[in-house]
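# Secondary and tertiary structure notes
Residue strings, one per chain:
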Amino acid sequence: MDGDRVEIDGGIMEGGGQILRVSTALSCLLGLPLRVRRIRAGRSQPGLRPQHLSGLEMIRDLCDGKLNGGEIGSTEITFTPGKIKGGTHIADTKTAGSVCLLMQVAMPCVLFAASPSELHLKGGTNAEMAPQIDYTVMVFKPIIEKFNFTFSCDIKRRGYYPQGGGEVVVQMSPVKELSPINLTERGTVTKIYGRAFVAGALPIKLAKDMSAAAVRCIRREIRDLYINIQPVREPDDKAVGTGSGIIIVAETSTGCLLAGSSLGKRGKNADKVGIEAAEMLLQNLKHGGTVDDSLQDQLIIFMALAKGVSRVKSGPITLHTQTAIHFAEQLTKAKFTVTKSEEEDPGNDTYIIECQGMGMTNSNL
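Residues numbered from 1 in each chain as written. Predicted model: local features only at pLDDT ≥ 70, side-chain atom pairs only at ≥ 80, totals over all residues. Heavy atoms only, no water.

The chain is annotated in an unreviewed UniProt entry as RNA 3'-terminal phosphate cyclase of Calcarius ornatus. UniProt's Sequence similarities (unreviewed entry) comment on the chain is quoted here verbatim: "Belongs to the RNA 3'-terminal cyclase family. Type 1 subfamily." The UniProt entry for the chain carries the following comment under Catalytic activity (unreviewed entry): "a 3'-end 3'-phospho-ribonucleotide-RNA + ATP = a 3'-end 2',3'-cyclophospho-ribonucleotide-RNA + AMP + diphosphate". (UniProt positions renumbered as here; feature names shortened; annotations may be inferred.)

Here's what the structure looks like:
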């Protein structure tokens, strides 16, 4: 079998865990045996971390596959997929590793399962270097469902760095195929809303300070819109540990959602957290694209699997997105083109990401 394995170099381009997520999900979907070398070679601590390993183990279990080299610190794995099945699957990072990244690797696979799936994902819900669960629910979910599927995401418990302990349950039914998306009209911003949260030992005043600082920052650029950023204290029975953060979403007249977010940490002033999220949102609004930097790369695998041509207008293409496109093209028959958007004011750095999807169909249905 080894002669037929697809070889993936995990150290090129973005050089992180995303290469592993995209390539193992596509391997599982397409039934392609895989070898990934130089895993996370671009990171300060190369090799598999707990969250990457729990994601791999979940994919293995989803499709009765075989995984070799699956241990913490391993820089090479081989993976041989079987048939994707539905049912209940549990992935537990046992750390503050992001549940959202676990969801990223599993979701494309269970869409093409034989029966509905329930994923119990355990770890950090609001972690650095990953989308926060609030982003997943408020931005990722409504946009990704435009590919013509739905899922539910129930936040049972929130978990923060360093101990994690959060749990999210995702339920979804399989589809026959994915429809392409066309997100090229940004429209005008119609409302801005969000939540600033504290949990554990932190007072609600911090959430109010984050919210107020974010509103002041946005007001300097956008004067006439009502901005509603709710300060919340997470209930003690729904949160493990102490954490804080903020997410702010801008919604447009055409249904686009763009966001900015930030997490609090010890010694970081609450105003600074709020301002960071506000500046990220304003930056994402400035380029005139229909998706923000965090969503850009998460759309790629779905565009590759969809039947037909998808088009998305975005700001500057991130390295994560370039990496996702590279591996999606290597493993599927999808074809991507990225062109500078012409109709914009020349000062705008806007691009059209177009993909002729491979038209994956679910043979189980």
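Another point: the pairing of strand β8 (residues 166–172). Taken across its seven residues, β8 has six buried, putting it largely inside the fold. Bridge count between strand β7 (residues 151–159) and β8: six bridges; the pairing is antiparallel. Bridged to D154 within β8 is V169. Hairpin connection between β7 and β8: a loop of six residues separates the two successive antiparallel strands, and G164 in this loop has a positive phi of roughly 70 degrees. (Buried < 20%, exposed > 50% of the residue type's maximum accessible area, 1.4 Å probe, protein only. Helix = DSSP H or I, 4+ residues; strand = E, 2+ residues; numbered from the N terminus. Pairing = 2+ DSSP bridges.)

Let us now look at the packing of aromatic side chains. Under the defined criterion, the tally for this structure stands at six aromatic pairs. Taking the centre distance of 5.9 Å and the plane angle of 25 degrees together, the rings of F149 and F302 count as stacked. Taken together, the residues span a long stretch of sequence, with F149 in the loop between α4 (133–144) and β7 and F302 in helix α8 (residues 300–305) at a distance of 153 residues. When sorted by exposure, F149 lands in the same class as F302, which is buried. Seen in terms of ring centroids, Y160 and F197 are 6.0 Å apart; in terms of plane orientation they differ by 20 degrees. Their pairing is stacked. Taken together, the residues span a long stretch of sequence, with Y160 in the loop between β7 and β8 and F197 in strand β10 (residues 189–199) at a distance of 37 residues. Across the pair, exposure class does not vary: Y160 and F197 are buried alike. (Phe/Tyr/Trp six-rings, centres within 6.5 Å; stacked < 30°, edge-to-face > 60°.)

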